[in-house]
Amino acid sequence: MAIVTPGVVPASVLLAEPRPAWLKRFAEAATTIRFGDFDADLSAQARLVVLDCLGAIAAGMQEPEMRALTARLARRGGRVTAPAVGSGLALRADDAALANGIAGTMLELDEGNSFARGHPGIHVLPALLAVRPLAEVSGPDFLHAFVFGYEAGARIGAAARLRNALHPHGTWGTVGAAVGAALLDGAGAEEVIGAINVSSSLSVGSSLRTMLEGATVRNAYAGLSARNGLTAWDLVMAGFTGETDGVRSVYGGVLAEGFRPEEMVAELGTRWEIRRNYFKRHAACRFTHAALDVVAGLIADHGPIAPEAVAGVEVVTYVWAAQLDGTRPDNMLAAKFSVPFAVATMLAHGAASVPAFRAPALTDARILDLAGRVTVDEDPAMSAMLPDRRPARVTIRLTDDRVLTAETFTNRGDAVDPYGPDEVVAKFMELATPVWGAAHATRIREAVDGLDRAADLADLDALLKEPAREEH
């Protein structure tokens, strides 16, 4: 008897579906396009993204939760080969991937991709730092794996629409981590296909509400993605198999809807997602950045604006930014996902820096009072501009009856309004110098800059395993 329940497809129909054409095309591109085929700009961009991720990881590793977690993971023992960057510890590969992925998202300074609607780099890099001892890996091979791992994850993010209640961390980044791990381990095209299909079933399905509440389990998602990507590759090499079209199943119905396979190979080999990324300077959720950029511009034009001089602030923006309207966050993570608090603390501190979201700011009556005077509203016309634009209009009404207003349609650091390489390097030094000191941070910067010429990564491995300065 035929199935009559809507939405249930008979196995005979499902199993008759062929392997999708994009899988073969993507895997063949990943295994035939080599690092030597990359142009100088692509190589430079990949190294810059690696450097940016390392800075975010090292700084995040100093948070109390990360110190406690790495100490616990170190108790496992076993074959410890991979650096937990900034901890001074080498851990088992899976534990290092987990720890580095978590640390990289702790401070909300990891790079991202507006078209993918997420953060590819911090899912892929922790897996690559762990898949093999770095002394066995050449710099060009590392960069090749990183670029294609980034490409795989980011293209899935762009090709599908995640469910609104789902947090993007830990989802398609798992596929990116698995592809990167497979390529760094010498996979052929069929093995890359296996890694994609197996890893799609190991994606994390997590709640978006965690970030709104400040539930810090949210910081674990990227680490789980990196670790699960390694696991997926181990499963493939052990003989495990995935669905014929695992990406479509998961990202066309389970975690997301509307998966468009053509996006996986559109301009493949000429349009690189890592070149369409963004870098962050504000230590907060990317959705706050449009408003923060406008406030920064108003401060630059009119001078410092004291919180007590502000009668009220009106922010009009796109839907995902307008959702972040909480005014009294309970912890640092929740503060980074509050437009009212982010605007208020920026006015109080002059910048949306890491200290601007720490405990003293969370109990500062001036900041909290001002956050209560910030309103956030969605403009549907602005929402319609996504993902190409991330607009906001900010109006600051002062107690002396002056009104300051401005708007933006792009965020600083986007591909259309990028930070220069020097600014990204300066950000790395700002994050890494307190951890290791300027001299050691400079050596890491130089090692990353030379990845395109490195016969092996033994020196970088040693640099990343250096413990933080005691005074930090």
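In the block above lies the structure referred to throughout.
For the structure given in this document, a descriptive report is provided here.

Calculation notes
- Numbering of residues begins from 1 in every chain and follows the order in which that chain's sequence is written.
- Confidence filtering applies because this is a predicted model: local features only for residues at pLDDT of at least 70, side-chain atom pairs given and counted only at 80 or more, and all residues used for totals across whole chains, interfaces and linings.
- Excluded from the side-chain calculations are hydrogens and water; all other atoms, namely the structure's heavy atoms, are used.
- Pairing of aromatic side chains here covers Phe, Tyr and the six-membered ring of Trp, requires ring centres within 6.5 Å, and sorts the geometry by plane angle: under 30 degrees stacked, over 60 edge-to-face, intermediate tilted.
- Helix and strand definitions follow DSSP, with helices as H or I runs of at least four residues and strands as E runs of at least two, each counted in order from the N terminus.
- Any residue under 20% of the maximum accessible area for its type is buried, any over 50% is exposed, and the rest in between are partly exposed; the area is computed with a 1.4 Å probe on protein chains only.
- We define a nonpolar core as any set of buried Ala, Val, Leu, Ile, Met, Phe, Trp, Tyr and Cys residues linked to one another through side-chain atoms lying within 4.5 Å.
- Whether two residues are in contact is decided by their heavy atoms: any pair within 4.5 Å suffices.
- One bridge is not enough; two strands pair if DSSP finds at least two bridges between them.
- Axis definition: a line fitted to C-alpha atoms, limited for helices to the stretch in contact. Angles are taken between N-to-C directions and run from 0 to 180 degrees.

### Observations regarding the packing of aromatic side chains
1) Next: Scanning all chains against the criterion turns up nine aromatic pairs.
2) Next: Plain terms: the ring middles of Phe26 and Phe148 are 6.2 Å apart, the flat faces sit at 85° to each other, and that makes the pair edge-to-face. Here Phe26 is found in helix H2 (residues 21-32), whereas its partner Phe148 is found in helix H7 (residues 139-159), with 122 residues between them in sequence.
3) Next: Residue Phe26 is classed as buried on the basis of its relative accessible area of 0%.
4) Next: By relative accessible area, Phe148 is classed as buried at 0%.
5) Next: Centroid distance Phe148 to Trp272: 5.3 Å. Interplanar angle 85°. Geometry classified as edge-to-face. With a gap of 124 residues between them, Phe148 in helix H7 and Trp272 in the loop between strand E4 (256-257) and helix H13 (289-302) connect regions that are remote in the sequence.

### Comments concerning the nonpolar core
1) Next: Counting 108 residues, the largest nonpolar core has Leu54, Phe142 and Tyr251 as the members making the most contacts within it.
2) Next: In terms of residue count, H7 provides more of this core than any other element does, 11 residues in total.
3) Next: Apart from the residues within four sequence positions on either side, Phe142 is in contact with Val50, Leu125, Leu128, Leu129, Leu134, Val137, Leu184 and Leu457.
4) Next: Membership of the second largest hydrophobic core comes to 48 residues, among which are Cys285, Val295, Ala342 and Val376.

### Section: the sheet that holds strand E8 (residues 403-408)
1) Next: Strand order in the open sheet made by the four strands is E6-E5-E7-E8, with mixed pairing throughout. Only two strands of the sheet have a single partner each, and these edge strands are strand E6 (374-378) and E8. The sheet shows a mean angle of 10° between the axes of neighbouring strands, direction not considered.
2) Next: Here five bridges tie strand E5 (residues 310-317) to E6, and the two strands are oriented parallel to one another. Bridged to Thr317 within E6 is Glu378.

Treat this as a map of the structure, not an account of what it does.
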